[in-house]
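Reading the structure
The primary structure of each chain is shown beneath.
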Amino acid sequence: MNARDEILSRIRTATGPSPVIRPVPRDYAVAGAHAPGAPELLDLLAERLRDYRATVHRCTPGDLDATLAEVTRGWRVAVPDSSAITVPGAVADRPALSHADLDGVDAVLTGCAAACADTGTIALDGGADQGRRALTLVPDRHVCVIHADQVVQTVPELLRRLDPRRPLTFISGPSATSDIELDRVEGVHGPRTLIAVVVGPAGTTGNNVHREQG
Amino acid sequence: MRVALFATCLADAMFPQAAQATVTLLERLGHDVVFPDAQTCCGQMHINTGYRRQARNLVRHHTDVFEPYDAIVAPSGSCVGSVRHQHAVIARGVGDERLADRAAQLATRTWELSEFLIDVLGVEDVGAYFPHRVTYHPTCHSLRMLRVGDKPLRLLRAVRGIDLVELPAADQCCGFGGTFALKNAGTSAAMLADKMGHVLATDAEVVTAGDASCLMHIGGGLSRLESAVRPLHLAEVLAATDGSRP
Amino acid sequence: MTTFLGMPHAPRGVGQLRGDEPFPAAADKALADRQLRRNLGHATATIRDKRARAVAEVADWEQLRLAGEAIKAATMARLGEHLIELEAAVTARGGHVHWARDAVEANRIVTDLVRATGATEVVKVKSMATQEIGLNEALESAGITAVETDLAELIVQLGHDKPSHILVPAIHRNRTEIRDIFLRHMPGVDPDLTDDPRRLAMAARAHLRAKFLTARVAISGANFAVAETGTVTVVESEGNGRMCLTLPDTLITVMGIEKVVPAWTDLEVFLQLLPRSSTGERMNPYTSTWTGVTPGDGPQEFHLVLLDNGRTAVLADEAGRSALHCIRCSACLNVCPVYERTGGHAYGSVYPGPIGAILSPQLTGIEDNASLPYASSLCGACYDVCPVRIDIPSILVHLRGEHVDARAQRALPSPEALAMAAAAWTMAGPRRFRLGERLLRLGRLLARGGRIRRLPPPLSAWTAARDLPEPPAQTFRQWWRTRPGDGRR
Ligand code: SF4
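Here the structure is a predicted model, which means the values were calculated and not measured.

Focus: the arrangement of the chains
There are two pairs of chains in contact here; the most contacts are made by chains A and C. Where chain A comes nearest to chain B, the C-alpha atoms are still 18 Å apart, and the two do not contact one another.

Remarks on the interface of chain C and chain B
Residue-level contacts link 68 residues of chain C with 63 residues of chain B. A buried area of about 5,500 Å², summed over both sides, lies between chain C and chain B, and 57% of it is on carbon and sulfur atoms. Linking chain C with chain B are 13 salt bridges, by the criterion used here. The residue E27(B) makes a salt bridge to R483(C) at a minimum N-O spacing of 2.6 Å.

Structural notes on unusual backbone geometry
Omega for the peptide link from R94(A) to P95(A) comes to -10 degrees, which places this bond in the cis form. Looking at where P95(A) falls in the secondary structure, it is placed in the loop between β3 (91-92) and α4 (99-104). In this chain, P457(C) is followed by P458(C) through a cis amide linkage whose omega measures 0 degrees. Along the chain, P458(C) falls in the loop between β11 (451-452) and α21 (460-463). Phi angles above zero are rare outside glycine, and E181(A) is one such case at about 55 degrees. When you line up the elements, E181(A) lands in the loop between β10 (176-180) and β11 (183-186).

Brief notes about the sheet that holds strand β1 (residues 96-100) of chain C
Here six strands make up an open sheet; going across it, the order is β1-β10-β7-β4-β2-β3 (chain C) and the pairing parallel. With partners counted over all chains shown, the strands left at the sheet margins are β1 and β3 (145-148) of chain C, one partner each. In this sheet, adjacent strand axes meet at a mean angle of 25 degrees when their direction is disregarded. The sheet contact formed by β1(C) and strand β10 (residues 301-307) of chain C spans five bridges and is parallel. By the bridge assignment, A100(C) is partnered in β10(C) with L307(C). The sheet strands contacting helix α1 (residues 3-15) of chain A are β1 and β10 of chain C, and the helix crosses β1(C) at an angle near 60 degrees.

Digging into the interface of chain C and chain A
Contact residues are listed per partner, giving 96 residues for chain C and 72 residues for chain A. Taken over both partners, the interface formed by chain C and chain A buries close to 7,300 Å², and the fraction arising from carbon and sulfur atoms is 59%. Run the count over chain C and chain A and you get 12 salt bridges. Residue D140(A) pairs with R205(C) through a salt bridge whose shortest N-O separation is 3.3 Å. For the side of chain C that touches chain A, a count of residues per class yields 47 nonpolar, 25 polar and 24 charged. Judged from the four bridges that link them, strand β9 (residues 168-171) of chain A and strand β9 (residues 286-291) of chain C form a sheet pairing that is antiparallel. Among the inter-strand pairings, T169(A) is bridged to a residue of β9(C), identified as S288(C).

Digging into the site of the ligand
Residues in close proximity to the ligand include C326(C), I327(C), R328(C), C329(C), S330(C), C332(C), I355(C), C386(C), P387(C), I390(C) and I392(C), which together make up its full environment. Classifying every residue of the shell around the ligand gives nine nonpolar, one polar and one charged.

Examining the packing of aromatic side chains
Going through the model one piece at a time under the given rule, you end up with 11 aromatic pairs over all chains. Aromatic side chains F35(B) and F476(C) sit 5.0 Å apart centroid to centroid with 70 degrees between the ring planes, which places their arrangement in the edge-to-face category. With F35(B) in the loop between β2 (32-34) and α3 (44-49) and F476(C) in helix α22 (residues 476-482), this residue pair bridges two chains. Classification of F476(C) by relative accessible area gives buried; the value is 0%. Their ring planes at 25 degrees and their centres at 5.3 Å tell us that F224(C) and F270(C) sit as a pair that is stacked. Here F224(C) is found in strand β5 (residues 224-226), whereas its partner F270(C) is found in helix α12 (residues 267-278), with 46 residues between them in sequence. With respect to class, F224(C) is no different from F270(C); both count as buried. Across the ring face of Y52(A), the terminal group of R184(A) is positioned such that the distance to the ring centre comes to 4.6 Å. One Lys or Arg, R466(C), reaches over the ring of W462(C) and ends 5.1 Å from the middle of that ring.

Brief notes about the confidence of the model for chain A
If pLDDT is low for a region, its predicted coordinates should not be looked at in detail. When pLDDT is averaged along chain A, the result is 93, and 94% of the positions lie at 70 or above. In this model, residues 207-214 of chain A is a region of pLDDT below 50 whose contacts with residues beyond four sequence positions or in other chains number 17 contacts.

Here's the deal with the pattern of salt bridges
If you walk through the whole model with that rule in mind, you get 71 salt bridges over all chains. Between R48(C) and E340(C) there is a salt bridge, and its shortest N-O distance comes to 3.2 Å. In this pair, R48(C) is assigned in helix α2 (residues 34-56) and E340(C) in helix α15 (residues 337-342), connecting sequence segments 292 residues apart. When salt bridges that share partners are traced, they join E6(A), R10(A), R101(C), E105(C), R108(C) and D308(C) into one network.

Observations concerning the domain arrangement of chain B
All names here are of chain B. Partitioning chain B into structural domains gives domain 1 (3-120) and domain 2 (133-239). For domain 1 and domain 2, the distance between their C-alpha centroids amounts to 22 Å. In this complex, domain 1 contributes 28 residues to the contact, which on the side of domain 2 involves 22 residues. Interface area, domain 1 with domain 2, both sides summed: about 2,100 Å², of which 68% is carbon and sulfur. Contact with domain 2 buries area across many residues of domain 1, yet L10, S114 and I118 alone supply 21% of it, more than any other trio.

Remarks on the environment of T364(C)
Residues and elements named next belong to chain C. Residue position: T364 is located in helix α16 (residues 353-364). For T364, a relative accessible area of 4% gives the class buried. A sequence separation of 55 residues divides T364 from N309, and the C-alpha atoms of the two residues are 8.7 Å apart. When residues no more than four places from it in sequence are discounted, the contact partners of T364 are H9, A10, L17, R18 and N369. Within the local environment of T364, its side chain forms a polar contact with the side chain of N369, the two groups lying 3.1 Å apart.

Reading guide: rules and limits
Residues numbered from 1 in each chain as written. Chains lettered and ligands numbered in written order. Predicted model: local features only at pLDDT ≥ 70, side-chain atom pairs only at ≥ 80, totals over all residues. Heavy atoms only, no water. Contact = heavy atoms within 4.5 Å. Buried area = accessible area lost by both parts, 1.4 Å probe. Salt bridge = Lys/Arg side-chain N within 4 Å of Asp/Glu carboxyl O. Helix = DSSP H or I, 4+ residues; strand = E, 2+ residues; numbered from the N terminus. Pairing = 2+ DSSP bridges. Axes fitted to C-alpha atoms, helices over the stretch in contact; angles between N-to-C directions. Nonpolar A, V, L, I, M, F, W, Y, C, P; charged D, E, K, R; others polar. Near = heavy atom within 4 Å. Phe/Tyr/Trp six-rings, centres within 6.5 Å; stacked < 30°, edge-to-face > 60°. Buried < 20%, exposed > 50% of the residue type's maximum accessible area, 1.4 Å probe, protein only. Lys NZ or Arg CZ within 6 Å of the ring centre and 35° of its normal. pLDDT = per-residue confidence, 0-100. Domains from an automatic or database assignment. Polar contact = N/O pair within 3.5 Å; in protein donor to acceptor, adjacent residues only side chain to side chain.

If you want it as structure tokens, here you go:
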């Protein structure tokens, strides 16, 4: 018998001919208290991102270009090859930049697929404004634009917005390690700096119309 | 109410004061205590050490002895834990479904002392007077098998004259674990050392708990250290009224 | 006894599931190491507090635990179907699926796959499965260098040490020891390196950066694999996982067959349970998921190795099979009073702590890890924190029973078995019990000043650190008979 058939036959023997399958109770919270994009969620997302040492800027759609230009001033910035989110002088990933090229830029600028406020998580799915995974991994800074309507509250809401057949990356703050005495140190192999730009309609940014550091 | 006392083999043979205090306390509260004389041991040591066949006989004997009673009370979280969470499993494991059902029924009428006082009798103030500095160790099986929560503490807080001090890292195991203390004596002693350190840090005169077994362990360690801290079963504190030194 | 015909355990002589000595002997060595005790005490206390805070934030934590437990149980009940579905989905998306009956077969498959690429060095993401099967050693004997890229794993590898924790394999090392390991074994390290954790992390970054950017083959484990979509998941913090999963041309993932989950929506449960239980974070910094091969993005060659290595033997034992539900969060290690004092090496297996005490003996067969089910005081702290509600204390007790039964079939009764039989005989009825109590009172002869300070073996283990009280002059039942009217009740 080949390995596959043998393992499958062992499993059949182990579980017996008619194993009992009990239904899965799914009475955990799926939707949060706030609708996607609610001002409370943008505040919560900003707070949770900062808690894990990301830098957060808040702006309105009208201010986005100016905010991005300000944030990336003086940097060599890489962007996906057909991204709507860009800054003047950015290097497009076309033809694909080599690993060494990516290692040489100061920052990468992308959008995202969705974000989860409860956990301060940004999800990338390789969409046009995010590009392939290496692009958001090798550069030392990641500037990520999050639009209000992309922000949900809970993890279930986040996962249900995503297509698992696409390569997904969930990012909650800059890379970190707790391997030395369980103390958290931010910035290891992934980007050491995560800069989130949260774009909300006028009003939702409250006192944060002007950029703030987290 | 007529209450059948399940004294537990350890209290019967080694710590009769704990079982006597349980009788004193329940009678003071106006209840009729009986002691089914045929009782021996719930079999917990056999179960937890892997001797299932012998344990089954003890489970059957325990069930035979206590089945006629409506309320069974023991001054032990771990023995009640065994009755409630292990007896039916052991019976079923050896294919004795009838015994499993009987044991499961009996489990619903078997109570640890603090549960019985608060949940069944509905009393918190049992009329005790104990003017001493006391710290309480919540034993693992009371805490995590029976989930007695803060019931023992509520009973202790209502004791007149008591100076109740919180035990640091109270929910950590004292290292007893039945035959664990023999099979893994070094690890057990290391756990005990930390538990005693916390007890001594409270400056208490008395360390109390709902299990004679854990108290035997903690008390045995304190005795070896020549410490003056006295181990005293929860029932003994709750039974006290005359204010004498423990 | 649950050695079912045709249900082999993990083979001997390969991998890391068995220790060189029984737990109590190994534990005594660890207990004597004061530095180790301090390191472990500090680290476990830190992580316990973090976990408690992260869990307290979640209002529906118990519902999530119940869902997690039920998903795992339902998955095991139809494990074969889910694996077949997973295989089809991965294959449809351009991946290759391999099946490995045991460690030897898995090591051979992976070695052949690496050889076929021509690479002599591979980068690795921390993975329990590859440690379990001893993959690094197998690759090394084939002339292939495996570079561990997780910081703690790197510390262990550079220090020629063994992992001692599921999540933080170098938990037994403090910052100063880590600095010394780096100074001694990390090529090109800054000789002025301090023991500041940030500086240490930066040293690891510098050391591994070039390897990541040039690696052609990566090897990973998997936290979850979704049967319906073929999506494989790795949960991590440092970004070394992303580096390995993204930059090389070839990715080989070794995964225990129990890691499959039926549906994508099941991850919404586990991605909440795992990070909070594990590192005590709301979410770990990085989670990567991939489905087969994505043109133009990431490795263009993907192999998934499905590993049995004793898992079907665990599955066959109804009372013990929920050990397969483990999502390797390590919460049970961090709260375990035994683990906290002995550390992970004493368990002899890559799976230490409470989960190791139930999983290792089931994977190897009880006789190869007979001391592990007893390495617990049954305090129950593990069950309380387990995010998938594995009733570890009950499985420990079950395995003790399996061990006693197996021994009874093979050997003359041990002194313990005789003592247990005698005790059970004594307790079988009240007359015998009274006799036993009278014998016990002979203990009064051993007492001095109300206590017993020394007893012969095996009870000398007790009196090594504790006294016993003098048996009372009167048992409870004797006292009871002295009460007016109570004698005959
Ligand atoms: S047994 Fe439970 S608590 Fe322990 S590592 Fe596995 S999932 Fe975590």
